[in-house]
Amino acid sequence: MAKLRSYEFLSSIPITTYTTRVNLRSLLYSAILSLIDGGANGCIGGTKDMTILQYYLDHKRVNVGVADGHQMTNLRLAICAAYIMTHLGPIIGIFNNVAVDAKIKQSILSCIQMRAAGNLISDVPEGVGGLQMIQTSTNHKIPIAIQGGLPYIEMRPVTKKELEDPSIPHVMMTPEGE
């Protein structure tokens, strides 16, 4: 039996190649998990999962208290929109009075604000008897994902084309006014 040189040995092993297709659009517009926070008084939005439609003209700013006495200061309030999938298809969620911080990785959505717009929030897991969904005032059901014991919904920034598409309903997720 002849001794094989290392490169001859490697060339005798069958090689399987795989081709992977990546949809660039899905990478650019993939949904982000946004936290549903039952203790938050207001929504804090980032630009990774929401589109800023308009800052309020009165240039109102807020300070947001975070854990351990830290604060996010001087955040502008805006009207934001997000593309959200429901059991009936996509909706454009409209979020009013959002404190915007482009540096945060995911938005924090206030149950209090969403309930004030007539939405039913059931962030209790199905495994313990909850509905694990948001039912909007227009009866669209948004599934809630539980990760690490915390509730999240999937949403992403809305495109201009989607915003102008009359077949995608605009649903008020947080009320107008203060």
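Just above sits the structure.
Residues numbered from 1 in each chain as written. Predicted model: local features only at pLDDT ≥ 70, side-chain atom pairs only at ≥ 80, totals over all residues. Heavy atoms only, no water.

Draft legend 1. Just the packing of aromatic side chains, in detail. Tallied over the full model, the rule gives zero aromatic pairs. In this structure, Arg-76 packs its charged tip against the face of Tyr-55, placed 4.1 Å from the ring centre. Here the guanidinium or amino end of Arg-156 rests over the ring plane of Tyr-83, the centre of that ring lying 3.9 Å away. (Phe/Tyr/Trp six-rings, centres within 6.5 Å; stacked < 30°, edge-to-face > 60°. Lys NZ or Arg CZ within 6 Å of the ring centre and 35° of its normal.)

Draft legend 2. Examining the state of the cysteines more closely. Counting across every chain of the model gives zero disulfides. Counting only cysteine sulfurs, Cys-80 is the nearest neighbor of Cys-43, a cysteine outside any disulfide, at a range of 9.1 Å. (Disulfide = S-S within 2.5 Å.)

Draft legend 3. Summary view of the pattern of salt bridges. Enumeration over the complete set of coordinates arrives at one salt bridge. A salt bridge links Glu-162 to Arg-156; the shortest N-O distance between them is 2.6 Å. In this structure Glu-162 comes out as buried when scored by relative accessible area, which is 10%. (Salt bridge = Lys/Arg side-chain N within 4 Å of Asp/Glu carboxyl O. Buried < 20%, exposed > 50% of the residue type's maximum accessible area, 1.4 Å probe, protein only.)

Draft legend 4. View of the nonpolar core. The biggest cluster of nonpolar side chains holds 22 residues, and the ones touching the most others in it are Phe-95, Leu-109, Ile-134 and Ile-153. Only β5 (71–86), β6 (89–100), α3 (111–116) and β12 (150–157) provide two or more residues apiece to this core. Other than its neighbours up to four places away in sequence, Ile-134 contacts Ile-36, Met-114, Asn-119, Leu-120, Ile-121, His-140, Lys-141, Ile-142, Ile-144, Ile-153 and Met-173. (Core = buried A, V, L, I, M, F, W, Y, C linked by side-chain atoms within 4.5 Å. Helix = DSSP H or I, 4+ residues; strand = E, 2+ residues; numbered from the N terminus. Contact = heavy atoms within 4.5 Å.)

Draft legend 5. Examining the sheet that holds strand β8 (residues 120–122) more closely. If you trace the three strands from one edge of the open sheet to the other, you get β8-β9-β10, paired in antiparallel fashion. Strands at the two margins of the open sheet, each flanked by one partner only, are β8 and β10 (141–143). Across the sheet, the axes of successive neighbouring strands diverge by a mean angle of 15 degrees, strand direction being ignored. Where strand β9 (residues 133–135) and β10 come together, three bridges link them in antiparallel fashion. Counterpart to Met-133 in the pairing with β10 is Pro-143. (Pairing = 2+ DSSP bridges. Axes fitted to C-alpha atoms, helices over the stretch in contact; angles between N-to-C directions.)

Draft legend 6. Up close: the layout of surface pockets. Counted as a void, the largest pocket has a volume near 380 Å³. If you go around the largest pocket, you meet 18 residues; those closest to its centre are Ala-40, Asn-41, Gly-42, Ile-44 and Val-64. Sorting the residues of the lining of the largest pocket by element identifies β4 (61–65), β5 and β6 as the ones contributing at least two each. Among the elements that make up the lining of the largest pocket, the one with the highest residue count is β4 (four residues). For the lining of the largest pocket, the class distribution of residues is ten nonpolar, seven polar and one charged. (1 Å grid on protein atoms, 1.4 Å probe; cavity = no way out; pocket = protein on both sides within 12 Å on 5 of 7 lines; lining within 4 Å. Points joined across faces, edges and corners; volume = space filled by probe spheres on them. Nonpolar A, V, L, I, M, F, W, Y, C, P; charged D, E, K, R; others polar.)

Draft legend 7. Summary view of the side chain of Thr-174. Mapped onto the elements of the fold, Thr-174 is located in the segment after β13 (170–172). Polar side-chain contacts of Thr-174 include one of 2.5 Å to the backbone nitrogen of Asn-96. Excluding residues within four positions of it along the chain, Thr-174 makes contact with Cys-43, Ile-94, Phe-95, Asn-96, Gln-113, Met-114 and Ala-117. (Polar contact = N/O pair within 3.5 Å; in protein donor to acceptor, adjacent residues only side chain to side chain.)

Draft legend 8. View of unusual backbone geometry. Backbone geometry at Asn-97 places phi at a positive 55 degrees, although glycine is not the residue there. We note that Gln-132 has phi near 50 degrees; this positive angle belongs to a residue other than glycine. Tracing the sequence through the fold places Gln-132 in the loop between β8 and β9. Assessed through its relative accessible area of 19%, Gln-132 is described here as buried.

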